[in-house]
Amino acid sequence: MKAVLLPGDGRVELAERPEPSAGPGEVVVRMRASAICRSDMSLYRGTPIVGGETAGGKVVPGHEAAGDVVAIGEQVEGVAVGDRVAGYLAVGCGHCRHCTSGAWMLCAQWRCMGFDFDGGDAELFVLPAGNCLVLPPEISYLGGAVLTDMVGTQFHLQREVGVGGASTAVIFGLGPMGNAGVMVGSALGAYVVAVDPLAARRERALRLGAAAALSPEEFAERRAKNWLGEGADLAVDCSGSAEGQIGALDAVRPEADVYFVGERTETTLDPSNQIIRKLTRVRGGWYFPRWRYDELAAFAVARRLPLEDLVSGTVGLEEAAEAFRAFDARETEKVVFVS
Ligand SMILES: [Zn+2]
Ligand SMILES: [Zn+2]
C-alpha cells in the first residue's frame, strides 16, 4: 500500500509498505479522509512535538483520519467490518487515573497516532478498537476527519465552561482550530467575536456564525471604548502568539475563563492585572476525553455543524509532497488527503 513518510528537513516520501493486519483488539481501516494538521509540520521539519523516539520518517503521519473498517482482529467488540469510523488519537495504558477518566493523552505511557504509531496518511491504517469513533451516517468522512482534533477540542473546552446563549466568547487566531471554535460557539448559541489579522479567515468566521470578525487592532480599539463592558465570559487563544494569549487575558471580565489552545512555549504576562486581581481561570485546551465523543457526534448531527467548511482543499496521497509544501508555506489552511 501507499503511505506518506516525513523523514525531516521538509522531505516527503510516498513509500510502498506491506498491508497491515489487525492484531488482537485492533481493526484495519481503509483511509477515506486524513487531514494535515499544523502539528504535522513538526514531523515535516524533523522535530516532532510528540513521539520524539520515532522521529525520522519511520512512522506514517496523520492523526485526524476517518475511513471504513475493513478487517477486525480477535477480541474486538463494538466495531464491525463496514463501520465508518474516525480515529481517537491517543492510546494509553488503560488503567491509570487518566486512562480511566478518559483523558488518554495524559497517560504517562500515552502514544499518539501519526507520531508514535502509524497514522492515516496511507491507504490503510490500524487502530485499537477502543480508538474507533463510529461516525453517524449524517457525518461524511471529511467531516469525521476534522470532527476529532479541532472540533472535539473546541467542543470539549466550551462545554467545560458551560458556553451557551448568554455567553460572549472571543476567539483569537482563525486558522482551522480557531474557526472550529467559532463554529462550535455559534452553534451553542454564544455571541462569538472572532479576531485575526487575515481578512479571508475573518470572512470564513462570519460564514461559520461569528457575530463579529475583527482585526486585532479593530478589537483593541473597540475594547478601549468599553465594548463588551467588563469583558467576555470566555476567551480562547488559537493563534499560539504572545499577542493572542495576552489579548485573550485582556478580553475577559473578572472571574471569566481563558483557554490557551495554540501551542507556544514562552510569553511574558502581567499576572497581577490579567489573572490574580481578575480571578481569571486560565486553562490549557488540548484534544478531548474519550467519553466526550458521543455527545460531540450527537451535537454535530443535531446542529448540522458545517464541518466540511473547515476544509480548504482535498488531495490524493500521490500529491503529498506538494500538499505539505503548500501547507507549510501557509498557502492552504486545512488540506485533507482523500482516497
Ligand atoms: Zn491535529
Ligand atoms: Zn494510562
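Definitions and cut-offs
- Residues numbered from 1 in each chain as written.
- Chains lettered and ligands numbered in written order.
- Predicted model: local features only at pLDDT ≥ 70, side-chain atom pairs only at ≥ 80, totals over all residues.
- Heavy atoms only, no water.
- Donors = N, O, S within 2.8 Å, 3.2 Å for Na, K, Ca; no water.
- Tetrahedral: all angles 85-135°; square planar, octahedral: opposite > 155°, others 65-115°.
- Phe/Tyr/Trp six-rings, centres within 6.5 Å; stacked < 30°, edge-to-face > 60°.
- Helix = DSSP H or I, 4+ residues; strand = E, 2+ residues; numbered from the N terminus.
- Lys NZ or Arg CZ within 6 Å of the ring centre and 35° of its normal.
- Axes fitted to C-alpha atoms, helices over the stretch in contact; angles between N-to-C directions.
- Parallel < 35°, antiparallel > 145°, perpendicular 65-115°, else oblique.
- Left-handed = near helix turned anticlockwise from the far one by under 90°.
- Contact = heavy atoms within 4.5 Å.
- Nonpolar A, V, L, I, M, F, W, Y, C, P; charged D, E, K, R; others polar.

A. Inspection of the coordination of the zinc ion (ligand 2) at higher detail. Looking at the zinc ion (ligand 2), the protein donor atoms are Cys93 (SG), Cys96 (SG), Cys99 (SG) and Cys107 (SG), and they sit 2.3 to 2.4 Å from it. Viewed at the metal, the 4 donor atoms of the zinc ion (ligand 2) are separated by angles of 105 to 113 degrees, and the geometry they form is tetrahedral. Spacing between the donor residues of the zinc ion (ligand 2) along the chain follows C-x2-C-x2-C-x7-C.

B. Representation of the packing of aromatic side chains in the model. Scanning all chains against the criterion turns up 10 aromatic pairs. Centre to centre, the rings of tyrosine 88 and phenylalanine 288 are 5.4 Å apart; their planes meet at 85 degrees, and the pair counts as edge-to-face. You can see tyrosine 88 sitting in the loop between strand E5 (84-87) and strand E6 (90-91) and its partner phenylalanine 288 sitting in the loop between strand E15 (281-284) and helix H9 (293-302), a full 200 residues away along the chain. Three or more aromatic residues link up through ring pairs in this structure, and these residues are Tyr88, Trp104, Tyr287 and Phe288. Of note, arginine 84 hangs over the ring of tyrosine 141, and the distance from its end group to the ring centre comes to 4.7 Å. We note arginine 222 situated over the ring of tryptophan 227; from NZ or CZ to the ring centre the distance is 4.8 Å.

C. How the structure looks around the coordination of the zinc ion (ligand 1). In the first shell of the zinc ion (ligand 1), the protein supplies Cys37 (SG), His63 (NE2), Glu64 (OE) and Asp149 (OD), at 1.8 to 2.3 Å from the metal. Coordination geometry of the zinc ion (ligand 1): the 4 donor atoms subtend angles of 94 to 141 degrees at the metal centre, consistent with an arrangement described as irregular. Motif for the zinc ion (ligand 1), donor spacing along one chain: C-x25-H-E-x84-D. Residue histidine 63 is located in the loop between helix H1 (40-45) and strand E4 (65-72), and its partner aspartate 149 is located in helix H3 (residues 141-160); the two are separated by 86 residues in the primary sequence.

D. Structural context of the packing of H3 against helix H4 (residues 176-187). Orientation of H3 relative to H4, taken along the N-to-C sense of each, is 50 degrees, at an axis distance of 8 Å. Taken together, the axes of H3 and H4 are oblique relative to one another. Seen along the crossing, H3 lies across H4 with a hand that is right-handed. Contact residues: H3 offers Asp149, Met150, Val151, Thr153, Gln154, Phe155 and Gln158, while H4 offers Pro176, Met177, Ala180, Gly181, Val184 and Gly185. For the contact of H3 with H4, a count of residues per class yields 7 nonpolar, 5 polar and 1 charged.

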